[in-house]
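Analysis of the macromolecular model
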Amino acid sequence: MSEQFSVRVTVRGYETDTQGHVNQSVYINYAEHARWSLLQAAGITQTGLIGKGVGPVALETTIRYKRELIAGDEIDVTCAFEWSGGKTFRIQQSVRKTDGTVAAELTAVGGLLDLQERKLVARPDEVFKELSSDPSMFGL
């Protein structure tokens, strides 16, 4: 597994629901933001992915809610890739308040879609290595 990458986010008021805490779907947005931030930090851009003819796809996401978040909370969203050597990979993520309280844990299964063939790429880790300026950020 790669070392955990982290990005800080401030919970915005419009992300909360009638109970005053973050709406469940927003956690997916936080996780996606962290994943794209990691790609960018490792030197992978959307333009680079499209130029290679691939795009990341989410195949499964599991969220375990631990503590609520409210507007104004500062949170760190982590992201760590796990590679199996096959067509898919796992991404382990957590959403933590700055005091260390875990608000949610996410596990995602992803892949890279060949945009022409519309099938998963056989070795997404190899594509990430090729496109990245720092493959170590993905544990490669």
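These lines cover the structure that appears in this document, whether it is placed above or below.

Calculation criteria
- Residues numbered from 1 in each chain as written.
- Predicted model: local features only at pLDDT ≥ 70, side-chain atom pairs only at ≥ 80, totals over all residues.
- Heavy atoms only, no water.
- Helix = DSSP H or I, 4+ residues; strand = E, 2+ residues; numbered from the N terminus.
- Rg over C-alpha atoms; globule rule 2.2 N^0.38 Å.
- Contact = heavy atoms within 4.5 Å.
- Lys, Arg positive; Asp, Glu negative; His and termini not counted.
- Charge placed at Lys NZ, Arg CZ, Asp CG, Glu CD.
- Phe/Tyr/Trp six-rings, centres within 6.5 Å; stacked < 30°, edge-to-face > 60°.
- Buried < 20%, exposed > 50% of the residue type's maximum accessible area, 1.4 Å probe, protein only.
- Polar contact = N/O pair within 3.5 Å; in protein donor to acceptor, adjacent residues only side chain to side chain.
- 1 Å grid on protein atoms, 1.4 Å probe; cavity = no way out; pocket = protein on both sides within 12 Å on 5 of 7 lines; lining within 4 Å.
- Points joined across faces, edges and corners; volume = space filled by probe spheres on them.
- Nonpolar A, V, L, I, M, F, W, Y, C, P; charged D, E, K, R; others polar.

**Quick word on the overall build of the protein**
In terms of regular secondary structure, the protein is built from three helices and six strands. Each helix and strand of the protein, ordered N terminal to C terminal, gives the series β-α-α-β-β-β-β-β-α. In summary, the protein has a C-alpha radius of gyration of 16 Å against a globular reference of 14 Å for 140 residues, a match within 12%. Each principal axis of the C-alpha distribution contributes one length, and for the protein these read about 45 × 25 × 25 Å. Sequence-distant contacts, at least 24 apart, represent 67% of the contacts inside the protein between residues at least 6 apart. Between the centroid of the 15 positive side chains of the protein and the centroid of its 18 negative side chains there is a distance of 4 Å.

**Re the packing of aromatic side chains**
Each aromatic ring pair is summarised here by two numbers: the centre-to-centre distance and the angle between the ring planes. Summed over the entire model, instances satisfying the criterion amount to ten aromatic pairs. Ring centres of Phe81 and Phe128 lie 5.8 Å apart, and the angle between their planes is 55 degrees; on these two criteria the pair is classed as tilted. Here Phe81, found in strand β3 (residues 74-83), pairs with Phe128, found in helix α3 (residues 124-131); they are 47 residues apart in sequence, far enough to count as distant. Using a relative accessible area of 3% as the deciding quantity, one classes Phe81 as buried. On the basis of relative accessibility, which here comes to 4%, the residue Phe128 falls in the buried class. Ring geometry for Trp83 and Phe89: centres 5.0 Å apart, planes at 50 degrees, overall tilted. Relative accessible area serves as the criterion here: at 22%, Trp83 is assigned to the partly exposed category. A network of ring pairs unites the aromatic residues Phe81, Trp83, Phe89, Phe128 and Phe138 as a single cluster.

**Overview of the side chain of Asp76**
Structurally, Asp76 can be placed in strand β3. Under the relative-accessibility criterion, Asp76 is labelled buried at 18%. One polar contact links Asp76 to Arg8, side chain to side chain, over a distance of 2.8 Å. Beyond its immediate sequence surroundings of up to four residues, Asp76 is in contact with Ser6, Val7, Arg8, Ser94, Val95, Arg96 and Thr98.

**Examining the side chain of Thr78**
Its place among the elements puts Thr78 in strand β3. A polar contact is formed between the side chain of Thr78 and the side chain of Ser94, at a distance of 2.9 Å.

**Quick notes on the layout of surface pockets**
Space left empty within the atom packing is revealed by a probe, the size of a water molecule, rolled over the atoms. One number sums up the size of the largest pocket: a volume of about 210 Å³. Within the residue set of the lining of the largest pocket, elements represented by two or more residues are α1 (24-41), β2 (54-65), β4 (88-97) and β5 (102-114). For the lining of the largest pocket, the per-class residue count stands at eleven nonpolar, two polar and two charged.

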